[in-house]
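Inside the fold
So you can see what is in the structure, the chains are spelled out below.
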Amino acid sequence: MTSSSAPSRKALSKIACNRLQKELVEWQVNPPAGFKHKVTDNLQRWIIEVIGAPATLYANEKYQLQVDFPEHYPMEAPQVIFLHPAPLHPHIYSNGHICLDILYDSWSPAMTVSSVCISILSMLSSSTAKERPPDNDRYVKNCRNGRSPKETRWWFHDDKV
C-alpha cells in the first residue's frame, strides 16, 4: 500500500494523539536498535526504516514499514505493512502485508510502536529461509484494490519462522 492508495481515515482521538506524541518522544530519546523513524508532520502515519540484524539472513538489509494509526489507537491496533520491496519471508506477502498475531488478534493497548518493531525484527531474525508464504499469489490477488490486512482472517499456525 502506498500513500495514494491509503484508506480514508478518521482523525485521531485526543487519547490517540497524546499517546502517539508520548511514543514519539520516547522513540527520539531511546529508539529501538535497528530502526529509524522518518520524521514527517503526519502523526497518523509513520514511516520506519528497518535494518536487518547482524548474523541473520537479513543482515544490513534495509526495508521500510508504514504504520497507520486508527482513530482509537491504542485500543485498536495500527495497520503495519512493509513498503515495496517487502522482504522475502514466510510470513510477509509480496504486497507488504505481515502475518503476525500481535498486529491483529493478539494486540494489546500496552504495546507500542517500538514493541511492534522489535517483534517484527525478531520475526525476520529468526527466519531460516528467504521465501514467500505458500499462498502469496492467491492472497495478493485477493487483496487488490487496497484491501487492508486488518480485513484478513489470519490463521496463525506457524511460530517457528
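Treat the numbers as computed from the prediction; the structure is a model and nothing was measured. (Residues numbered from 1 in each chain as written. Predicted model: local features only at pLDDT ≥ 70, side-chain atom pairs only at ≥ 80, totals over all residues. Heavy atoms only, no water.)

Considerations on the UniProt feature "active site" (unreviewed entry) in the protein
Mapped onto the present numbering, the UniProt feature "active site" (unreviewed entry) falls on Cys-99. Assignment of secondary structure puts Cys-99 in the loop between β4 (79–82) and α2 (113–125). Judged by its relative accessible area of 12%, Cys-99 falls in the buried class. (UniProt positions renumbered as here; feature names shortened; annotations may be inferred. Helix = DSSP H or I, 4+ residues; strand = E, 2+ residues; numbered from the N terminus. Buried < 20%, exposed > 50% of the residue type's maximum accessible area, 1.4 Å probe, protein only.)

Section: unusual backbone geometry
Most of the time, phi is negative for any residue but glycine, and the peptide bond is trans. With an omega of 5°, the peptide bond between Tyr-73 and Pro-74 qualifies as cis. By the secondary structure assignment, Pro-74 is in the loop between β3 (62–68) and β4. Residue Pro-85 follows His-84 across a cis peptide bond; omega there is 0°. As for its position among the elements, Pro-85 is in the loop between β4 and α2. Despite not being glycine, Ala-55 has its phi angle at roughly 60°, a positive value. By the secondary structure assignment, Ala-55 is in the loop between β2 (45–51) and β3. In this model, Asn-60 sits at a positive phi of 65°, which is unusual for a non-glycine residue. With respect to the secondary-structure elements, Asn-60 resides in the loop between β2 and β3.

Description of the pattern of salt bridges
Applying the stated criterion to the full structure yields four salt bridges. The salt bridge involving Arg-19 is made with Glu-23; its shortest N-O contact spans 2.8 Å. Of this pair, Arg-19 and Glu-23 both sit in helix α1 (residues 14–29), four residues apart, roughly one helical turn. Between Glu-61 and Lys-130 there is a salt bridge; the shortest N-O distance is 2.3 Å. In this pair, Glu-61 sits in the loop between β2 and β3 while Lys-130 sits in the loop between α2 and α3 (136–142), placing the two residues 69 residues apart along the sequence. (Salt bridge = Lys/Arg side-chain N within 4 Å of Asp/Glu carboxyl O.)

Notes on the packing of aromatic side chains
All told, the structure shown has six aromatic pairs when counted by the stated rule. Judged by centre distance (5.4 Å) and plane angle (70°), the rings of Trp-46 and Phe-69 are edge-to-face. A residue pair is termed long-range when its members are at least 10 positions apart, and Trp-46 in strand β2 and Phe-69 in the loop between β3 and β4 qualify at 23 residues. The exposure class of Phe-69 is buried, given its relative accessible area of 1%. Three or more aromatic residues joined by ring pairs form one cluster here, namely Trp-27, Trp-46, Phe-69, Tyr-73 and Trp-107. (Phe/Tyr/Trp six-rings, centres within 6.5 Å; stacked < 30°, edge-to-face > 60°.)

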